[in-house]
Amino acid sequence: MGGCCPPMDLFRSEPMQLVRLIIPIESSHLTASYLGDLGLLQFKDLNAEKSPFQRTYATQIKRCGELARKLRFFKDQMLKAGFSPKLSTTRADISLDDLEVKLGELEAELIEMNANGEKLQRAYNELGEYKLVLQKAGEFFHSAQSSALEQHREYGSRLTGEESLDIPLLLDQEMSIDPSKQVKLGFLTGLVPREKSMAFERILFRATRGNIFLKQTVVEDPVTDPVSREKVEKNVFLVFFSGERAKNKILKICEAFGANRYPFSEDLNKQAQAINEVSARLSELKTTVDAGLLHRGNLLQTIAEQFERWNLLVRKEKYIYHTLNMLSLDVTKKCLVAEGWSPVFATKQIQDALQRAAIDSNSQVGAIFQGLHTRESPPTYFRTNKFTSAFQEIVDAYGVAKYQEANPGVYTIVTFPFLFAVMFGDWGHGICLFLATLYFIVREKKLSVEKLGDITEMTFGGRYVILMMSIFSIYTGLIYNEFFSVPFELFGRSAYACRDISCRDATTEGLVKVRSTYPFGLDPVWHGTRSELPFLNSLKMKMSILLGVAQMNLGIILSYFNAKYFGNNINIWFQFLPQLIFLNSLFGYLSVLILVKWCTGSQVDLYHVMIYMFLGPTDDLGENQLFAGQKTVQLVLLFLALISVPWMLLPKPFLLKKQCENMHQGQSYTLIEGTEESLQVESNHDSHNHEEFDFSEVFVHQLIHTIEFVLGAVSNTASYLRLWALSLAHSELSSVFYDKVLLLAWGYNNVIILVVGIIVFIFATIGVLLVMETLSAFLHALRLHWVEFQNKFYEGDGYKFHPFSFAVTDDDDD
Amino acid sequence: MYGFEALTFNIHGGYLEAIVRGHRAGLLTAADYNNLCQCETLDDIKMHLSATEYGPYLQNEPSPLHTTTIVEKCTLKLVDEYKHMLCQATEPLSTFLEYITYGHMIDNVVLIVTGTLHERDVQELLEKCHPLGMFDSIATLAVAQNMRELYRLVLVDTPLAPYFSECITSEDLDDMNIEIMRNTLYKAYLEDFYKFCQKLGGATSEIMSDLLAFEADRRAVNITINSIGTELTRDDRRKLYSSFGLLYPYGHEELAVCEDIDQVRSVMEKYPPYQSIFSKLSYGESQMLDKAFYEEEVKRHCLAFEQQFHYGVFFAYMRLREQEIRNLMWISECVAQNQKSRVHDSVVFIF
């Protein structure tokens, strides 16, 4: 850059250098660690052809992966037990080896504890289920017995009485069967998950051909299953069957359905005894389980205190080894060779870090730092701060700047919010936006740590953009004189007043100018008049064109700076110059006409001037005359515009062709004269630089460019009219909400209607005007920058600088 | 109906088709396989797979890995994807997706029944079952003694029930008739699936007919080869062939009378699509036939993705993933048993 001005860091990306580091193997780890802290070096992968497990440090990475797995296991366990790891950013002063041992021990301990706990828990749950079975089945037996007794009694009483017809005959037979021949009914009790109970019953029925009796009772509370340890709703079942085969089948079915069976005795005394026993053991187990849980909780607590530090350490180590894997091992296996990009200003810091690493690791030789020459295009690196980064993001979203290309981000900081504000001109809305974004900025520190929602996160990231947008929209709002669509007489009285009392219905014709012109912005008297729209439209349209032409000219001028910076004279003479002339001879002239018309107050129709400038440049101007000599000027401009088209199109491809031929000639000389080294360098760079000069391709490319520019000059200028269109839409919408909601509600003289009206007005203002309109104006401003502005000069085919830095790893996890 | 799927397909099937195509993009490529084949230990395999879509499924496995763990986790991924798709699917796609699992169901039934016959532990058998072919009462299968019971007790509730109509006998189960049962069921399943796809019409029926016909023909060849030298009669053998496919019906007649592998070969070489498969094999060899068929199958499944707006992609994707899991299993087995020279024997590259 020239020495005249103070350095503008954001305008060109940082000068970068390709460096080679030769690091002794014993200090490599520490070096990588220090460089990661510094975060100003982007390593190149020198082992791209090797698969991950063939690289030098694959085993270490595997170790780190294993540690990370253990940590995830701990985290999982902690979350289940309800501990949250303590946040801490301090470094763990423990080496990886020690940590490995420690984590291994902890894991083994925890697993053992879990296994023990699980065993106990399982026994506990089983007992719990057993108790339920005892209770429920006992109830059933009890009720069955009592009803049987009753029946028996009834039967007995009937026997003593007269013989009745409704006593089943079979009963007699059954009673008379010889007890020795009677089949002994077996039974099984247990618990079955409720959702499976129907299927269970069905299968039992099918398997035994209906020769069973099943009784199920619902257990009200969900029961913890001993095997899966989950809470499940279950039924207690009791199944009677006869025969050994049926029993086997039922056992298998029980197993298949995950139904837990429990022994059960018919004897009431034994039942009571069993219940007591089970209750006693339950309470006993409970204390054991609790003690185990407490112990485990303590262990997890100690882990939780250290967890974040360990996690950080492990992640850092893994990152270091991943980086070291990108370095190539020297043939002697004593040092690692690294290549990478770093900004030139960081040279000192990197060397410092290397020196410190060499000293701290007691290495006999320090690392060697040397710059390399390369034809490869370096990465693009802008040093942004929290204010500029969001604007740079807007540019990067379109394309990352080529290395050292003029960065539109610089201008975007001002032009983006300004163009937004032209479309969003209302100082009431501007203030709302300003307050909202002020909230983000004031609470910046707190919010930047927190995890925000998707949309909030985005808004928060762009808080400074929104701040600028709101400030500018307050400014344009003052110019448009709109406060929620209401004009105010902020800068003195209106210049116009009624000529007499009869002009109350507000037409401009009834007004006369009584004072000097309203000093700033739009005269409030325009509001609500019949000619308000024609006046504003004409004003805003013309303003849009002026802004557009100005911004496009800026774009073309930036292309000059680019060409000059890269020493590309062809681009200056055969691209920049004709483009500038073409644009300005047509639309620059239009802008001048607009200004002249504003200054002179002439009533010439500018459409006609422009149209007849093309259709009949030699015709008499007639009423389209704005200034003397206009015809000549127009003829000259038209001629210039016409001549600049072939100027853009033709010379450049031919010159490039010639240049290329010269280059090849020159090279043949160096081949003979050059020494061996320069020959090598030359041929190297040659192979990178020009493979083959294809004239037709270059020509077609230039043709496309020219057509794009010529057509673009028209369409892009028209495109800037969106400034007017959106601004019109915004002001109309807000006046609709104001007039048709707020004023209408006011007119009813009813508190409820007024309140409803105010609520509707507030929601419409926030939802439609502040959110949707902001978004649409934002998008249109974005488009104007990406397309209309940046296509004049911006290549955007660079790649971003991704330094090896620990600061980045902290965020990108989970 | 044909030709207008494009108009309406995306209403219900568009999202899932996009999903399945996305999944397909995650299949391992030849470069991945080359890397995997160079692995020294199972940990290397894990490390390599952690960079693929299998990563999240393997990352929490502690270090001494086993082949079964790898296969299990990879299958789990497939099952998760399948379940996700099934949840999102509407009719008739959901039915179509369910059809895909019936094959596994048949395999599981046969596995359990054979296992119980040889008095294995049911729990152990259940672990070996393919998770896609699980159904509620699968464990109850162990209770059954003969096919009638099998049907009456358990399978009547499953979608397999209709396929049983042909093979209900009261004979006790033994290895031979279990195998016959498997093939009869599979035949009925394929025919039913085929009919279902025909009913769907459009590109789905066109593509699925092709894929299923290949499947049916492959089964016919396998049945023939496996039944050579057993007591299965020709008529019985013919009954096991599905009633569609390229070989139906004349090829089946000829296959039914084949007595050795070379006769099978001479039958198959009359059919141009299969000629190329058999021309790769030397005479009298049947070992490499499986691989040759798998390769052809993979090729056909990949081609199914070339056309849009049909359900064949779901079927093809599931099959490709299964092939991939088979490949992974083979590779990890070879690595685990230090048989790296044999790695390429059975790996079928998908891309």
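Analysis parameters
Residues numbered from 1 in each chain as written. Chains lettered and ligands numbered in written order. Predicted model: local features only at pLDDT ≥ 70, side-chain atom pairs only at ≥ 80, totals over all residues. Heavy atoms only, no water. UniProt positions renumbered as here; feature names shortened; annotations may be inferred. Helix = DSSP H or I, 4+ residues; strand = E, 2+ residues; numbered from the N terminus. Salt bridge = Lys/Arg side-chain N within 4 Å of Asp/Glu carboxyl O. Buried < 20%, exposed > 50% of the residue type's maximum accessible area, 1.4 Å probe, protein only. Phe/Tyr/Trp six-rings, centres within 6.5 Å; stacked < 30°, edge-to-face > 60°. Lys NZ or Arg CZ within 6 Å of the ring centre and 35° of its normal. Core = buried A, V, L, I, M, F, W, Y, C linked by side-chain atoms within 4.5 Å. Contact = heavy atoms within 4.5 Å. Pairing = 2+ DSSP bridges. Axes fitted to C-alpha atoms, helices over the stretch in contact; angles between N-to-C directions.

As recorded by an unreviewed UniProt entry, chain B carries the name V-type proton ATPase subunit and is attributed to Morus notabilis. Recorded under Subcellular location (unreviewed entry), the UniProt text for chain B is reproduced unchanged: "Vacuole membrane".

An unreviewed UniProt entry lists chain A under the name V-type proton ATPase subunit a, with Morus notabilis as the source organism. Taken from UniProt, the Sequence similarities (unreviewed entry) comment for chain A reads in full: "Belongs to the V-ATPase 116 kDa subunit family." As its UniProt record puts it under Subcellular location (unreviewed entry), chain A is described as follows: "Membrane".

**Concerning the UniProt feature "coiled-coil region" (unreviewed entry) in chain A**
Look at the UniProt record and you will see "coiled-coil region" (unreviewed entry) annotated at residues 96–123 of chain A. The annotated region residues 96–123 of chain A carries 100% helix and 0% strand content, and the separation between its end C-alpha atoms amounts to 40 Å.

**Brief notes about the pattern of salt bridges**
Residue and element names in this part refer to chain B. The final tally for this structure, using the stated rule, is 45 salt bridges over all chains. The shortest N-O distance in the salt bridge between Glu215 and Arg218 comes to 3.6 Å. Taken together, the residues Glu215 and Arg218, both in helix α11 (residues 202–227) and three residues apart, mark about one turn of the helix. No difference in accessibility class separates Glu215 from Arg218, as the two residues are buried. As a salt-bridge pair, Glu295 and Lys291 come within 3.7 Å of each other at their nearest N and O atoms. Here Glu295 and its partner Lys291 are both found in helix α16 (residues 289–304), four residues apart, which amounts to about one turn of the helix.

**Points about the packing of aromatic side chains**
All names here are of chain A. If you walk through the whole model with that rule in mind, you get 56 aromatic pairs over all chains. Centroid distance Tyr319 to Phe804: 5.0 Å. Interplanar angle 65°. Geometry classified as edge-to-face. Here the residue Tyr319 occupies a position in helix α7 (residues 268–324), and Phe804 occupies one in the loop between α23 (751–789) and α24 (806–809), the gap between them amounting to 485 residues. On the accessibility criterion, Tyr319 (24% relative accessible area) is partly exposed. In this structure, Arg356 is placed above the aromatic ring of Tyr34, and the distance from its NZ or CZ to the ring centre is 4.7 Å.

**Structural notes on the nonpolar core**
Within the largest apolar cluster, 168 residues are counted, with the highest numbers of intra-cluster contacts made by Phe96(B), Phe193(B) and Phe314(B). Residues contacting Phe96(B), with those up to four places away along its chain left out, are Phe193(B), Phe196(B), Cys197(B), Leu200(B), Thr204(B), Met208(B), Tyr311(B), Gly312(B), Phe314(B) and Phe315(B). Counting 65 residues, the second-largest nonpolar core is a separate cluster that includes Leu419(A), Leu583(A), Leu606(A) and Ala641(A).

**A look at the sheet that holds strand β3 (residues 185–193) of chain A**
Residues and elements named next belong to chain A. Taken in spatial order, the four strands make up an open sheet running β4-β7-β3-β8, and their pairing is antiparallel. In this open sheet, the two edge strands, each paired with only one partner strand, are β4 (212–218) and β8 (260–262). Going from strand to strand, the sheet's axes swing by 25° on average, the running direction of each strand aside. For β4 and strand β7 (residues 234–242), the ladder comprises seven bridges, and the chain directions are antiparallel. Across the sheet, Phe213 pairs through a bridge with Phe240, a residue of β7. In the packing of helix α6 (residues 244–256) onto the sheet, the strands contacted are β3, β4, β7 and β8, and the crossing angle to β7 comes to about 165°.

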